[in-house]
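Here are the chains, one letter per residue:
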Amino acid sequence: MKRSEPLIALSREHHGALSLALRARRVAHGGESASVKSVADLVRQKFETELKPHFDQEENWLLPVLARAGEKFLVQRTLAEHAELTDLADRLASPRPRVLLAFADALSRHVRFEERELFPAIERLPNHAGKVAEKIF
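Residues numbered from 1 in each chain as written. Predicted model: local features only at pLDDT ≥ 70, side-chain atom pairs only at ≥ 80, totals over all residues. Heavy atoms only, no water.

Engineer: Would you take a moment to explain the nonpolar core for this structure?
Structural biologist: The tendency in soluble globular proteins is for nonpolar side chains to be buried as a group. Core analysis: the biggest nonpolar cluster contains 24 residues, and Val43, Leu51, Leu100, Phe103 and Leu107 have the highest contact counts within it. Residues within four places of leucine 107 in sequence aside, it is in contact with Ala17, Leu20, Ala21, Leu51 and Leu85. Counting 14 residues, the second largest nonpolar core, distinct from the first, contains Leu7, Leu10, Leu74 and Val75. (Core = buried A, V, L, I, M, F, W, Y, C linked by side-chain atoms within 4.5 Å. Buried < 20%, exposed > 50% of the residue type's maximum accessible area, 1.4 Å probe, protein only. Contact = heavy atoms within 4.5 Å.)

Engineer: Explanation requested: helix H4 (residues 97-124) in the structure shown.
Structural biologist: Owing to its 3.6 residues per turn, the α-helix aligns residues three or four sequence positions apart on the same side. With 28 residues, H4 ought to run about 40 Å at 1.5 Å a step, and its terminal C-alpha atoms sit 40 Å apart, in line with that. Taken as a whole, H4 carries its principal kink of about 45 degrees at glutamate 114. (Helix = DSSP H or I, 4+ residues; strand = E, 2+ residues; numbered from the N terminus. Expected span 1.5 Å × (residues − 1). Bend = angle between axes of the 7 residues up to and from the residue.)

Engineer: Just to check I follow, could you spell out the pattern of salt bridges for this structure?
Structural biologist: Opposite charge on two side chains permits them to pair, given that their charged atoms come into close proximity. Taken as a whole, this structure holds eight salt bridges when the rule is applied. For aspartate 41, the salt bridge identified is with lysine 37, shortest N-O distance 2.9 Å. You can see aspartate 41 and its partner lysine 37 sitting in helix H2 (residues 33-68), four residues apart, about one turn around the helix. Exposure remark for aspartate 41: the relative accessible area of 36% places this residue in the partly exposed category. (Salt bridge = Lys/Arg side-chain N within 4 Å of Asp/Glu carboxyl O.)

Rendered as structure tokens:
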């Protein structure tokens, strides 16, 4: 799906998130402890350097626009999913296959939610591009 200009960068970041989720899922299913630890460490590093900043942009700029438009459910769901992913990433400090798998599944679901519901809701708002772009850029 073609994204509006202000959302392109955030949407592109989703590809990396889905790749990370796929890798985590494969390793979790394999269950080999050294691999689980290695990928859990990678997930925690990517969470801090890529996912958390992505969440911050959404929470600081996109969600307030949606809240003002009355999209309370989308805002609450996004915040709840961000909190869940943060908790799972923190729990990976003690790597376990089931936690790695839970993170992978939650991240995949979250990216799909944003691409299919959150971003289209922003794009349907009148004058969304200007409101979002002035905040993000």
